[in-house]
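Listed here are the chains, written in short residue letters.
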Amino acid sequence: MDILDRAQRCLLNWESGGEAECRALVAAPHSKPYDADANATLTTVYHVILSSTLLSWPAKKTLSVDAVVAFVQSIVLSLPSSSASSEKSSNVVALGEILVDVIWAIDSELEEIVGDMKTAAGAAEQGTMSPAAVEQLVKTKGNAEVDKATVENIVRRLLLNGVLDPDICRERLDLTLVASIGLVADKLAFERKEIRTRTGLFYKQNKFNLLREESEGYSKLTAEITSNLGPPHSALTGYPSEPLEAIEARALPTWERALSLIGYFDLDPNRVLDIILDVFSVHLATHYGFFISLLSFSPWGNRGKRAVKREDMVIEPEPGRFKGKSLVEVLKIAEAESGAHMDDVDSSNARVLAQVLGFKFTYYQLPDVTENPPRNLYLMTAILIREGFLRLEDLYPHIGPTDTEMADRHKEYLASVDTRIAGAKISQLAMAAPLESSGPSVSKARPAPAPAPQVEETKKMPNQKLGLLNALLAVGALRPATVILSKFPWMVDAYPEIADLMLRVLKHSIGPLYDTTVTSKDKAVSFTKPRARYGASGVVSAPERRPHLTLWAPTPPCTSTVDFVFFYPDWTRRVPICNSYDDLIDVLEPLMRFIGLHVSRDPAFLTKFLRLGRPHMLTTVTIDPETKRAVGTPDPSHPVRIFWFKVVRLYLLPALPLIRGNAVCTVDVWNIIRQFETTLRWQLYGEWKLSTYKSHPELRVRQVQTDRESKGILRRLSHNTIDALSGNVAKLAHSNPCIFFTNAVNQIMAYDNLAGVVIQSLNYVTIMGFDVLVYVILEALANPNKDRVKDDGVNTSDWLQSLASFTGMLFRRYSADLTPLLSYVVHQLHNGQTTEIVVFRELIWKMAGIQPLPSLSDSQIAAMAGGPTLRIEAVASSTRGARLDPADVILRGPQRLGKALLDSSLALPLLVQMAQQRQACVFRAPDAYLKSLASLFDTTHGVLLQYLELLTTPTVITPEEYANKVVPSLAELNEQYGICAPMCMQIYRPIMNKALLVGILLDYMTILLTELAEEAEKRLKAALLTAKREPNSSTSRVASPNPGSDSAANGEVSAEAKPAGTDSQQMDVSMESTDAQLIPSPESPWLPELHSYFEDVKKIAPGNAAEIIGPAFYLTFWQMSTYDLSPPALKYDDECTALRALSRAEDSLCIAADRSADRAKRMSANTHREKRNRINMIVSKLSEELKEQTVARAFTIKRLAREKQHWFSHNPKALTLASCIIEYCLQPRCLMSPMDADFCAQFIKVMHLQGTPGFSTLQCYDKLLSDHVKVVVFSCSEFEARNYGRFLLGILTDISKWFQDEQLFLQENRTKIGSSTVFLPGLQLRWTPKPVIAQEDLITWADFKQVVRKWHRKLNKSLVECVESGEFMHIYNAIIVLKEILPVFPLAAVHEFGGVNLARSVERFLEKEDRGDLKILGRAYYASLKKREAIWAAPLPLPKVVH
């Protein structure tokens, strides 16, 4: 509702509550009477009330003078009184001024009415008006005169009550009214005096005493001011040395005397102000408090608004007061808490002060003035703005450069950035002058160049806006400073000192929150504090530093004798303080926007800010009270996480390149970034690498500098410079990891010999650096513009091979996060990118030391039949075994890889993808050459075997974890993931073997303990019998000896005296006992550990294998390995012997090092001791493994003897059975690895020697050595061809032994059970399923030799046809197979002309072949073949085959 209407309503209801309502209406405006709106409200209300007592303005309700005076008096009594009883309250003074103004307005209107009535009276005398009009005129004039008397009465009564000030009435009211109420004694004399005064003011020219005329008045003024400065401020704190009341008590008389000097000497007030400001600026550091008080008493200050004591402003801040506020509102709240009112500035006085200061600044803009504005002038101006003496907008037009010129300064800065970038790209050596020749020069001396004309440099205008901005930030005037920064945000980049001042503010703002949140250890003595020293007389204490007030901010570092203190300590009082984590969002981050990436200039602030960020982000997750770790997945849309993601993106990562080599900041940034998931982290890295460096001028310069530095370091990096350059590498990796690692990865892809050197130089890189390096590596791997294979379509590109090798070495040596790389490989394999498998291959090779498809010697292949420890020692002793360097043991590469696979749950996906890629890789490139397909298959197959070796290594992944966490059920592997049955069985074999081995060893230990107990019982009985035969019967428990004791004792002795040669028989008996315990009932011949898999085998078995072969045999075949058939006891002995010798050598070195006088050698003793202990531990493991394997083999033979009777109890046809065994068992497995090839050959022999019912060894060999060899050879890859050749070598070796030794042939085709001879059914000439085989049913040795000759002829024919076919795979694989079987094929004693035909065929092939790889392979085989010409060229006796 309008104020006028409300006042009139109060007037109508004056007696019935209107007076109280009117009093309530003016109560609020009276609390702030100087406010424009409040003043207007009060003026309107009092005008309505006073008008109600007059007759000239008719009103619905009139009031008496007594009522009005009483109302005003009640208002005066309700207003707050002054603390001094002799002084009026400022509110009462304001009320008096308002009433005087209202009375003046009413009196003026009444004077106008009276004047109008006099004019109308003159017209009435002339008879121009009607009588009624004349009557109305007379009445109006009378009312006006009565009203004037009423006004006089009101004024007189208000003066008597002390409401009105007589001086204000004389100043503002009309002279007639002033005279009528008695405030002027003589009206005429007062009028004459007023006329003379006005004439002197407006029509006479003032002649002030200027400095260049007579300086006495100004000298006295200067002396008056300087003599009353008082003591200087404390150099220790910067605060005044005396209380504020004392300073004000000295400043007020000083100003009064200055006023006297102005009046006495007619001094120019503006010039006086100028002198005061000059003296103020000179004594700014030591007496600014005095000058603030002095100016507050002057007309240019507002005393009432600054009379606030410092102790009155200590108020407990309200928590959450900054929540949701803008920066301007936050700064206003901070100012209000400090008692400041920067908005309450008297514009007229401030404009005068601004003009005087403006003249000072304008002087320094003149081209003739060479000096720059002094710092104390800027600081004095900033303090005056901060204390509310003037406003920035009043001073802004007077300082330069102008806004248009500031745009030119910005362009100059950008041009200087371009110049710096161009300079950073140019080599300094190239810019150097050429070296002078030391010899005499015969050329004519060049004339000296003419001096260039000197161009007079014009003075550049000082950037006064910059100086004022620095001063405002230095004294804590944040609001006006942010105005300038908002107008020119680029100034922070061009003038970094602005960022230093803003960081000073930010550090103070964050300090309380950091001190209360982050628990820090007891702070050590600062290194900047001087320490006591030893002198001639003892300990000499350090000299105390002398505090010194300085105008520089931030405060300069202290010296040995001086401790600098900023002169204005109150700069902190208007800085908003952070008291909670929310204030980081509402207060700190808005201020950080002004400096952006320049937070890098203060690592101390950045460290505090980052260390607050980690607990702040932890508030978004649940913390386990026991482990103190985060539980569950944080919400990425949480406002706190979004805030810190923005902070990392806008401030931290852009600032990091500008921090040179500070690992602490990098670690603190990583503590924030690590809490984001990998996708978000790498999103930040991608933006950092691609766009952040281009977003800021300083980053563009730093990018060029870092690129040049990194390339220079990589150019000088070698094995000899690693130690010298590792620090430089780390510094670049701390601040600019994206640039450095991108250049390093590019160099590694181009030069494969650089990878190892770069790896060794990364010793000091932080975890964040490795995280960025992994990102850069995967970005390079995922580059779609690079070819993965060479032009031949077979070999991996050099860049990919180099990068994969580097990746493996990186993760082997450093504990970087493996999950992203493993996820990348899984996704690439899922998308059909089989070339990425080389990365995983190198990762396993380098980290776990497992080589893919290694070229093993026969001795190593034989050792692979042993336990895990023997396999490692035989193949990879230097990378995984006893000969591994102790430094590499500490790295725990295999364990870290296994843990990463389990923790990321990627072990199974990788296994499934590998197996699927092995099956599908040849079908996904139908247009590729067969050679390329074969190479791709071998690579995939090799990595799969390599990965299986990793997963089944007990030190990497325990068998329990492999069975429970990695591999699903057998049926699920085949049905859900589509993995073929042979590979499913290959994957599941370790699980089955471990289950069997645990059961076997447990039962063996039980039987062994039983036997030991029985032996102990026998010994006890023997002792008792001996005691009975002793003559002293008093010591015997038995009264008379047992008659049969002698014989019993003899029997016991003979039982204990068994020879050691019967141990094996006792073990056989024990194993029989174990079998009885393992088999639950006589009706079930199958082991319970394997019987549970029968149903799964029926589901996964290919074709009709389950019906013909049966699940029992199929499972037994795929579950067993050479470990079960042929324990390499000799290899165990050889390896143990070698390791014991190595242990003795290390022990000798350890003893020599302990006794050495050289300290470095003594320090190496622990290394030798650790190696010796490790070797001894492995020797113990080897001995234990051999015992376990011996027990397992004995059990396996007994198990096969039991199960063989039930494998083919359904009586399948012999030929069909042999075909199925070859198709579903032998053929798939013999191609997998050399060990599997040996197993297949051995298993056939074992089945034969066991006399397996239903199995025809003759038909099996006939099928294997028939014409289908040519087909098998063609379908093989290179690795499979080698394995197939080894399988054929095993078969042919066994056949050759029978071929050349009739006794061996007869011996291995029969066996003795008791005293009867039983013939084995394997070599029946005509197969019959009868249970008892007669000798006539078996093939004779002569007939067998004819069959062997037939097999050799077929094999020779097939391989010769392959060589002569001209097709690449036929030729390549056939030669590989021929090389493998060379010891037993060709043989002239078996096939007379086979060798000759084969040699001629190879000769013809070499003559016409022009394919390089085939020709090289063929020549190598031909050379080996010619060396054995004596064996295959003529039918000579066969040499003894050693196997």
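From a predicted model like this one, the values you see are computed outputs, not experimental measurements. (Residues numbered from 1 in each chain as written. Predicted model: local features only at pLDDT ≥ 70, side-chain atom pairs only at ≥ 80, totals over all residues. Heavy atoms only, no water.)

The next thing to look at is the overall build of the protein chain. For the protein chain, the helix and strand inventory stands at 67 helices and 8 strands. Looking at the protein chain as a whole, 47% of its 1443 residues qualify as buried. Partitioning the contacts of the protein chain with sequence separation of at least 6, the portion at a separation of at least 24 is 75%. Carbon and sulfur atoms form 54% of the exposed surface of the protein chain, whose accessible area is close to 71,300 Å². (Helix = DSSP H or I, 4+ residues; strand = E, 2+ residues; numbered from the N terminus. Buried < 20%, exposed > 50% of the residue type's maximum accessible area, 1.4 Å probe, protein only. Contact = heavy atoms within 4.5 Å. Areas by Shrake-Rupley, 256 points an atom, 1.4 Å probe, with all protein chains shown as cover.)

Another aspect to go through is unusual backbone geometry. Note the cis peptide between Gly400 and Pro401, where omega equals -5 degrees. Locating Pro401 in the fold gives a position in the loop between α18 (392-395) and α19 (403-425). A cis amide bond links Phe1385 with the next residue in sequence, Pro1386, at an omega value of 0 degrees. Structurally, Pro1386 is set in the loop between α64 (1368-1380) and α65 (1394-1408). Positive phi is not limited to glycine here, since Asp266 has a value of about 50 degrees.

Position of Arg702 among the secondary structure elements: in helix α30 (residues 697-716). With residues near it in sequence (within four places) discarded, Arg702 still touches Pro657, Leu658, Arg660, Glu709, Leu732, Ser735 and Asn736.

The subject of this paragraph is the environment of Arg351. With respect to the helices and strands, Arg351 occurs in helix α16 (residues 347-363). With 40 residues separating them in the primary sequence, Arg351 and Arg391 have C-alpha atoms 8.1 Å apart.

With that out of the way, let us pick up the packing of aromatic side chains. For any pair of aromatic rings, the description rests on two quantities: the centre-to-centre distance and the angle between the ring planes. According to the stated counting rule, one finds 39 aromatic pairs in the structure shown. Ring centres of Trp1298 and Phe1305 lie 6.2 Å apart, and the angle between their planes is 80 degrees; on these two criteria the pair is classed as edge-to-face. For Trp1298, a relative accessible area of 0% gives the class buried. Ring pairing ties together the aromatic residues Phe1113, Tyr1114, Phe1117, Trp1118, Trp1207, Phe1208, Phe1239 and Phe1243, which thus form one cluster. Looking at Arg504, its charged tip hangs above the ring of Phe566, at a distance of 4.7 Å from the centre. The ring centre of Phe1117 lies 5.5 Å from the NZ or CZ of Arg1229, which sits over that ring. (Phe/Tyr/Trp six-rings, centres within 6.5 Å; stacked < 30°, edge-to-face > 60°. Lys NZ or Arg CZ within 6 Å of the ring centre and 35° of its normal.)

All chains considered together, the criterion is met by 56 salt bridges. Taking the shortest distance from any N to any O, the salt bridge between Glu589 and Lys646 comes out at 3.8 Å. Linking Glu589 in helix α25 (residues 581-592) with Lys646 in helix α27 (residues 639-655), this pair joins segments that are 57 residues apart in sequence. For Lys646, a relative accessible area of 30% corresponds to the partly exposed category. Through salt bridges with shared partners, a single ionic network connects Arg271, Asp274, Asp278 and Lys360. (Salt bridge = Lys/Arg side-chain N within 4 Å of Asp/Glu carboxyl O.)

So, about the packing of helix α52 (residues 1111-1119) against helix α57 (residues 1214-1230). α57 packs onto α52 with a crossing angle of 10 degrees between their chain directions and a minimal axis gap of 11 Å. Between α52 and α57, the interaxial angle falls into the category roughly parallel. Residues Phe1113, Tyr1114, Phe1117 and Trp1118 of α52 pack against Ile1221, Tyr1224, Cys1225, Leu1226, Pro1228 and Arg1229 of α57. Looking at side-chain class alone, the contact of α52 with α57 contains 9 nonpolar, no polar and 1 charged residues. (Axes fitted to C-alpha atoms, helices over the stretch in contact; angles between N-to-C directions. Parallel < 35°, antiparallel > 145°, perpendicular 65-115°, else oblique. Nonpolar A, V, L, I, M, F, W, Y, C, P; charged D, E, K, R; others polar.)

When you line up the elements, Ser1401 lands in helix α65. Judged by relative accessible area, Ser1401 falls into the buried class, the value being 1%. Here the side chain of Ser1401 touches Glu1364 through a polar contact of 3.2 Å, side chain to side chain. Excluding its chain neighbours within four sequence positions, the residues that come into contact with Ser1401 are Val1360, Val1363 and Glu1364. (Polar contact = N/O pair within 3.5 Å; in protein donor to acceptor, adjacent residues only side chain to side chain.)

The subject of this paragraph is α19. Side chains three or four residues apart in an α-helix point the same way, a direct result of the helix having 3.6 residues per turn. Counted at 1.5 Å a residue, the expected span for α19 with its 23 residues is 33 Å, and the 34 Å between its end C-alpha atoms agrees. Of all the positions in α19, only Met406, Arg409, Tyr413, Val417, Ile421 and Ala424 are classed as buried. Those residues of α19 that are buried are in contact with α21 (464-474), α23 (491-494) and α30. (Expected span 1.5 Å × (residues − 1).)

Turning to the nonpolar core, a few remarks are in order. Counting residues in each nonpolar core, the largest one holds 330 residues, and the members touching the most others are Tyr947 and Phe1287. Per-element tally for this core: the top contributor is helix α34 (residues 767-781), with 11 residues. Judged by nonpolar contacts, the second largest core, of 54 residues, contains Val48, Val65, Val100 and Leu175. (Core = buried A, V, L, I, M, F, W, Y, C linked by side-chain atoms within 4.5 Å.)

Further remarks concern helix α61 (residues 1278-1300). With 23 residues, α61 should reach 33 Å at 1.5 Å per residue; the first-to-last C-alpha distance of 32 Å fits that figure. Taking burial as the measure, the 23 residues of α61 include 19 buried ones, the bulk of the element.

So, about the packing of helix α3 (residues 36-51) against helix α4 (residues 65-78). It is the contact of α3 with α4, at a shortest axis distance of 10 Å, that shows an interaxial angle of 150 degrees. Judged on the interaxial angle alone, α4 and α3 are roughly antiparallel. Judged by the sense of rotation from one axis to the other, the crossing of α3 with α4 is left-handed. Note on element contacts: α4 touches α3 through Val68, Phe71, Val72 and Ile75, opposite Tyr46, Ile49 and Leu50. (Left-handed = near helix turned anticlockwise from the far one by under 90°.)

Each disulfide consists of one covalent bond between the sulfur atoms belonging to two cysteines. For the structure on display, the rule yields 0 disulfides. For Cys984, which is in no disulfide, the shortest distance to another cysteine sulfur is to Cys980 and amounts to 6.5 Å. (Disulfide = S-S within 2.5 Å.)

The subject of this paragraph is the confidence of the model for the protein chain. Scored by pLDDT, the protein chain comes out at a mean of 83, with 88% of its residues at no less than 70. In the model of the protein chain, helix α48 (residues 1063-1078) stands out as the element of lowest mean pLDDT, 33, in contrast to α21, which has the highest, 95. Segment residues 435-445 is flagged for pLDDT under 50; beyond a separation of four residues in sequence, or across chains, it makes 0 contacts in the model. Confidence drops under a pLDDT of 50 for residues 1030-1082, and excluding neighbours within four residues, the segment shows 47 contacts in the predicted structure. (pLDDT = per-residue confidence, 0-100.)

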